[in-house]
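Take a look at the letters that make up each chain.
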Amino acid sequence: MQKNIAVLAGDGIGPEVIDQALKAVKAIEQRFKCRFTYTSALVGATAIEHTGDPYPDRTHDICMQSDAVLFGAIGDPRYDNDPKAKIRPEQGLLAMRKKLGLYANIRPVSAFKSLVHKSPLKTELIDGADFMVIRELTGGIYFGEPRGRSENGLTAFDTCTYTRTEIERIGRLAFEYARRRAKKLTAVDKANILATSRLWRETIQELHADFPDVALEFMFVDNAAMQLVTWPKKFDVVVTENMFGDILTDEASVITGSLGLLPSASVGIHTSVFEPIHGSYPQAAGKNIANPLGTILSAALMFEYALNIPEAGQLIRLACERSIEQGVVTADIATGNAYTTSEVGDWIAGQISACIPTP
Ligand code: IPM
Ligand code: MG
């Protein structure tokens, strides 16, 4: 089997964590006797430096021609601390999501048994938590127009917009995922305040008629933020709009013990993108200390969601679980000696190549 993988390492710790994911993917290549062609492309602050554009056309063409995109991170403090910058790295990520039509961002959250003690939450609350947040990714306040500043500069505004069609397609996808899991869907909104949320609620309620076997509940986002950390085991599939999903998934990462552990899959119309949910973590960039597991686990999702080799995904996940169990982990989750980013990557690739029997 021959597949094309676009590799967009991006900024900050992006290149380091992507290198580790590639080690795992190459180990899979050997093990499963498949052939991948890797094509690197620029994105984010690095792309601005080289081309003036955070998502150059050439990068888009490479993504369009690939079977999957493996993505690191984007963001740079030079832009974070310059609110007047006209071109920003994040615009590259948003342009990529929009142009590839990636309307659904799937973020699985589960507590690793051997890590429950690392979470600031009580073990009995999180042990066994296992849910999935489906975040709408190409609409809402991230993209709505108009946006900007008043002429005198004293007022700023953003617009949150959703169409029925946008809500229907993500809603349908969420019901389908719920159907394949525990048949329970929580739709998170702010329907007591926002018109967009009321359209979400109305549309999801109507869709429910096509999925009568799925139990549906609605929850206001403020209440969901509280329930996620007080009773995470009650959730199975959560569907929500772009901004709420962004915030709730960072919060949910506390359940796993580290933001560095959460992978994601963005799927939609064109090529799917696989990326860790953590950002570019510039303080750690180049130090070989960042946790590569979120990116390696994103590669596992790539095999399941895009490359159609689910056993490879399972094998990568198993190797990651072993690294956690055996303490071959970076400082953010280490109890004893911390390993470096590349040591963890080598160890996991080694497990994939040799130690774990093919499932
Ligand atoms: C994420 C990130 C991005 C977002 C940033 C980097 C633009 O936080 O993928 O969750 O807000 O969507
Ligand atoms: Mg985020």
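Everything in this summary refers to the structure shown in the same document. (Residues numbered from 1 in each chain as written. Chains lettered and ligands numbered in written order. Predicted model: local features only at pLDDT ≥ 70, side-chain atom pairs only at ≥ 80, totals over all residues. Heavy atoms only, no water.)

## Re the site of ligand 1
Near ligand 1 you find E90, L93, R97, R107, R135, Y142 and D246, and these make up its full shell. Within the side chain of R107, one N or O atom sits 3.0 Å away from an oxygen atom of ligand 1. Y142 is positioned such that a nitrogen or oxygen atom in its side chain is 2.5 Å from an oxygen atom of ligand 1. Burial of ligand 1 by the protein amounts to 81% of the accessible area it has alone, namely 320 Å². No other element matches the 3 residues that helix α5 (residues 89–99) contributes to the shell around ligand 1. Classifying every residue of the shell around ligand 1 gives 2 nonpolar, no polar and 5 charged. Viewed by domain, the shell around ligand 1 spans two of them, domain 1 (1–106 + 261–359) and domain 2 (120–256), each represented by three or more residues. (Near = heavy atom within 4 Å. Polar contact = N/O pair within 3.5 Å; in protein donor to acceptor, adjacent residues only side chain to side chain. Areas by Shrake-Rupley, 256 points an atom, 1.4 Å probe, with all protein chains shown as cover. Helix = DSSP H or I, 4+ residues; strand = E, 2+ residues; numbered from the N terminus. Nonpolar A, V, L, I, M, F, W, Y, C, P; charged D, E, K, R; others polar. Domains from an automatic or database assignment.)

## As for the packing of aromatic side chains
A full pass over the atoms with the stated rule returns 6 aromatic pairs. A centroid spacing of 5.8 Å and a plane angle of 45° characterise the contact between F36 and F303, whose relative ring orientation is tilted. Of this pair, F36 sits in strand β2 (residues 35–40) while F303 sits in helix α11 (residues 293–305); the two residues are 267 residues apart in sequence, bridging distant segments of the chain. Taking the relative accessible area as the measure of exposure, F36 reaches 6% and is therefore buried. According to the relative accessible area criterion, F303 is buried, its value standing at 0%. Ring centres of F175 and F211 lie 4.7 Å apart, and the angle between their planes is 5°; this geometry places the pair in the stacked category. Note that F175 is positioned in helix α7 (residues 164–180) and F211 in the loop between α8 (195–207) and β9 (215–220), a separation of 36 residues in sequence. F211 shares its class with F175; the two are buried. What links up through ring pairs into an aromatic cluster is the set F36, Y38 and F303. Seen from the ring of F235, K234 lies directly overhead, with NZ or CZ sitting 5.8 Å from the centre. (Phe/Tyr/Trp six-rings, centres within 6.5 Å; stacked < 30°, edge-to-face > 60°. Buried < 20%, exposed > 50% of the residue type's maximum accessible area, 1.4 Å probe, protein only. Lys NZ or Arg CZ within 6 Å of the ring centre and 35° of its normal.)

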